[in-house]
Amino acid sequence: MSESGGGVSGERELPAGWAWAALDELVASDGVFTDGDWVESKDQDPDGEVRLTQLADVGDGYFRDRSNRFLTASTAERLRCTYLEPGDVLIARMPEPLGRACLFPGSDCSAVTVVDVRVLRPGRSGVFSRWLMWAINSPQVRQQIRNYQTGTTRKRISGKNLGRIKVAVPPLAEQHRIVETLEEQLSRIDSGTATLRQARRRLEGLRKRVLVSTVPDEVPESWRMTTVEGAGTLELGRARHPDWHHGPDVRPYLRVANVFEDRIDTTDVMEMDFSGIWERYRLEAGDVLLNEGQSPHLVGRPALYRGIPENVAFTNSLLRFKANADVLPEWALLVFRRHLHAKRFMREVRITTNIAHLSAKRLKKVEFPVPPLEVQKQLVQRCDELLTGIAAMDQQVGTGLRRGNALRAALLRRAFTGGLVPQGPTEEPAAVLLDRVAAERAATPKPKRTRKVAAKPLAPRAVDVAAPEPTSSPAFAVQQEFEL
């Protein structure tokens, strides 16, 4: 077994006693490196003894335990699923992220896996499973996996290519030292990032509370309670059509993908022809745009158009609200943001083909409080100050999370380049271990997997029974035709 780079990481030198090996070379004769067959069984029994472990269970260094699916043992055997053992390394062959790995902790019943989860069980005479799991999660191995990935819309890596991934293997005793030190340091990083994520959730809750409390359900007597229709005009944008991709008056337009909460993203603005109708759909500074179609919890997401980008229109995936003279556009935005977070819009949506829609007709009837203009200005200013402070804190939390991720990646990179723990000059070199595993595997014949054969339909049995009399047609049969 060579100790040179073998085409990995620019032929970099390895520490003394380390050696390169492909993943499929790390499996001893009593180990496993295979994937289960995809299970699409309707024969699921909640009282069965076989738990189905799926792609969603595989975390980035931890087992998520999200699956709650079971199937009978006979179904698992018929489908040739891979049975799991505690300590198996599970590798995700699909994102995100691609190639993430974890250890299977065991289950209170037998467990099997599916084709998108690769099972790597080094065996008793192989490498340390926990070390191998962390090695697969290291940046240098992840980069190799990205180099081997295929697919366009959904990236994946084949089992064959996954077996070619190279890892730098230290002596077995050093593997245990690496894991002990690495997990001690990672636990501190994970504790810090967990605290930051909790802080982010609290800030999000605080932001929603500010929006909801600024626009109360019960308004003071000096306020006027009306509807969206009474506070301004509401219009639906222009429908898109292939015939309008080209024409004499091509203009940019905004769609759902551009409108976020209190933010318009202009990185991907599309165009179409607006000949003769440009002024009707042209946006003006102060217009409030709301998502007409979205997922249920995001429908009605509003943003204020402040004139940037200039000279743009909007499509029928958006609704435009133009405030009356006694309503500030900023106040209208605040009311709509309040309704979004109070889930007021969700009571008005209608779902078609898995998309929630908020029609102009239903939105017009939604309540809209209107305080005096001076009060509107004060509330908008106070709310902006509070939200700006919350955003600044959230930005600091985001910086801390990015630093935690960078520190985690740096720690993993250092652990698997020999820089985390000292080497032991008297320990058995990894090359000797790998040669022993290879010799053991070569001496043990590889079991052949039987090919799955589809069940043949049973031939009809001959029976000596008289054929029934033909059934007469209904007296009032009606044939219906539907337009395609």
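In the block above lies the structure referred to throughout.
Reading the values: the criteria
Residues numbered from 1 in each chain as written. Predicted model: local features only at pLDDT ≥ 70, side-chain atom pairs only at ≥ 80, totals over all residues. Heavy atoms only, no water. Core = buried A, V, L, I, M, F, W, Y, C linked by side-chain atoms within 4.5 Å. Buried < 20%, exposed > 50% of the residue type's maximum accessible area, 1.4 Å probe, protein only. Helix = DSSP H or I, 4+ residues; strand = E, 2+ residues; numbered from the N terminus. Phe/Tyr/Trp six-rings, centres within 6.5 Å; stacked < 30°, edge-to-face > 60°. Pairing = 2+ DSSP bridges. Contact = heavy atoms within 4.5 Å. Expected span 1.5 Å × (residues − 1). Axes fitted to C-alpha atoms, helices over the stretch in contact; angles between N-to-C directions. Parallel < 35°, antiparallel > 145°, perpendicular 65-115°, else oblique. Left-handed = near helix turned anticlockwise from the far one by under 90°.

Caption draft 1: How the structure looks around the nonpolar core. Residues L23, L26, W131, V169, L182 and F416 are the most contacted members of the largest nonpolar core, which totals 47 residues. A per-element tally of this core places helix α2 (residues 129-136) first, with six residues.

Caption draft 2: Spatial organisation of the packing of aromatic side chains. Across all of its chains, the model carries 10 aromatic pairs by this definition. Measuring from centroid to centroid gives 6.4 Å for F274 and Y281, while their planes differ by 55°, and the two rings are tilted. In this pair, the class of F274 matches that of Y281, namely buried.

Caption draft 3: Main features of the sheet that holds strand β3 (residues 50-53). Spatially, four strands are ordered β4-β3-β8-β5 in an open sheet, and the strand pairing comes out mixed. Where the open sheet ends on each side, the last strands, each with one partner, are β4 (69-71) and β5 (82-83). Note that β3 and β4 share three bridges and pair antiparallel. Paired with R51 across the two strands is F70, which belongs to β4.

Caption draft 4: Spatial organisation of the side chain of D57. Positionally, D57 belongs in the loop between β3 and β4. Setting aside chain neighbours within four positions, we find D57 in contact with R51, L52, Y62, F63, R64, D65, R66, S67 and C102.

Caption draft 5: Region of interest: helix α8 (residues 329-341). With 13 residues, α8 should cover 18 Å at 1.5 Å per step; its first-to-last C-alpha distance of 19 Å lies within 8% of that length. Burial analysis of α8 places 11 of its 13 residues in the buried class, the great majority of the element. Residues of α8 that are buried: W331, A332, L333, L334, V335, F336, R337, R338, H339, L340 and H341. Remark: K343 follows α8 within two positions and exhibits a positive phi of approximately 60°.

Caption draft 6: Highlighting the sheet that holds strand β17 (residues 288-291). The strand order across the open sheet formed by four strands is β12-β21-β17-β19, and the pairing between neighbours is antiparallel. A strand with exactly one partner marks an edge of an open sheet, and here the two such strands are β12 (232-236) and β19 (302-304). Across the sheet, the axes of successive neighbouring strands diverge by a mean angle of 25°, strand direction being ignored. Where β17 meets strand β21 (residues 318-323), four bridges bridge the pair, whose relative direction is antiparallel. Bridging across to β21, V288 finds its partner in F321. Its contacts with the sheet put α8 on β17, β19 and β21, and the angle it makes with β19 is roughly 165°.

Caption draft 7: Spotlight on the environment of T388. Its place among the elements puts T388 in helix α10 (residues 373-415). For T388, a relative accessible area of 54% corresponds to the exposed category. In the structure, T388 is positioned 181 residues away from R207 in sequence and 9.8 Å away in space, judged by C-alpha atoms.

Caption draft 8: Spatial organisation of α2. Taken across its eight residues, α2 has seven buried, putting it largely inside the fold. Within α2, burial applies to S129, W131, L132, M133, W134, A135 and I136.

Caption draft 9: Fine view of the packing of helix α5 (residues 172-214) against α10. Axis separation between α5 and α10 bottoms out at 10 Å; the angle between their running directions is 165°. Considered as vectors, α5 and α10 are oriented roughly antiparallel to each other. The chirality of how α5 crosses α10 is left-handed.

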